[in-house]
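What follows is the residue order along each chain.
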Amino acid sequence: LDITINGNGYTISGENKYRIFNITAGDVVLNNITFTNGAADVGGAIYAESDANDINLIINNSNFIDNNVTIVGGAVAVVASNNALTYAIDASLFENNIAINNSTGSYTAAGGAVYSNGKTEGTITNSVFNKNGAAIDNYYQNGGAIKLEFGGKLTVSDSAFTENTAGQVGGAIT
């Protein structure tokens, strides 16, 4: 399934109850959309997992504001389980997104704005990460803005990181 959505500045809200997009296959292009108040355990606004199919995710000129998760990827989580997953984010704003876990279990809270796991390959250009965070009561918290884990590759250029926080390491990127 291949799809392009031109949002023309439209705002989509998860009402602090729901993830906005779940992507499992294909070429997905998202242009000029504001994603706000998405909520989930992983990927508050967007969760892409290449379990059975390849995924190519492109996000342009979009805003991710006030999204939250209880584990990882406050705004966006990309996970390459079995197949290829590539992503590109350009000219986008990530603001006030958070990964926060108040559980007594051994879960992590990481990637306040973006979480990338597995054999993902990504690029982020011309984007702003402001006031994103990762926090937890009892375990660890890394990557206030971006958390890259388990073999993923990411190139970030011409982007700004301001006032992002993590409880342990990588206020901006880890």
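Note that the structure is predicted; figures quoted are calculated from it, not measured.

Moving residue by residue along a regular strand, the side chains alternate between the two faces of the sheet. Summarising the sheet, strand 7 (residues 46-49) and strand 11 (residues 76-90) pair through four bridges and their orientation is parallel. Across the sheet, residue alanine 48 finds its bridge partner in strand 11, namely valine 78. Of the pairings in the sheet, the one linking strand 8 (residues 55-60) to strand 11 comprises six bridges and is parallel in character. Pairing of isoleucine 59 across the sheet is with isoleucine 89, part of strand 11.

Scanning the model with the defined rule gives five aromatic pairs in all. Centroid distance phenylalanine 64 to phenylalanine 94: 4.7 Å. Interplanar angle 5°. Geometry classified as stacked. Of this pair, phenylalanine 64 sits in strand 9 (residues 63-65) while phenylalanine 94 sits in strand 12 (residues 93-95), and the two are 30 residues apart along the sequence. The pair formed by phenylalanine 64 and phenylalanine 94 is uniform in burial state, with each residue classed as buried.

Ile46, Leu57, Phe64 and Phe94 are the most contacted members of the largest nonpolar core, which has 28 residues in total. Taken together, the elements giving at least two residues each to this core come down to strand 4 (26-31), strand 7, strand 8, strand 11 and strand 15 (114-125). Broken down by element, the residue count for this core peaks at six residues, all from strand 11. Every residue in contact with leucine 57, bar those within four places of it in the chain, is listed here: Ile23, Val28, Leu30, Ile46, Ala48, Val78, Thr86, Tyr87 and Ala88.

Definitions and limits used
- Residues numbered from 1 in each chain as written.
- Predicted model: local features only at pLDDT ≥ 70, side-chain atom pairs only at ≥ 80, totals over all residues.
- Heavy atoms only, no water.
- Pairing = 2+ DSSP bridges.
- Helix = DSSP H or I, 4+ residues; strand = E, 2+ residues; numbered from the N terminus.
- Phe/Tyr/Trp six-rings, centres within 6.5 Å; stacked < 30°, edge-to-face > 60°.
- Buried < 20%, exposed > 50% of the residue type's maximum accessible area, 1.4 Å probe, protein only.
- Core = buried A, V, L, I, M, F, W, Y, C linked by side-chain atoms within 4.5 Å.
- Contact = heavy atoms within 4.5 Å.

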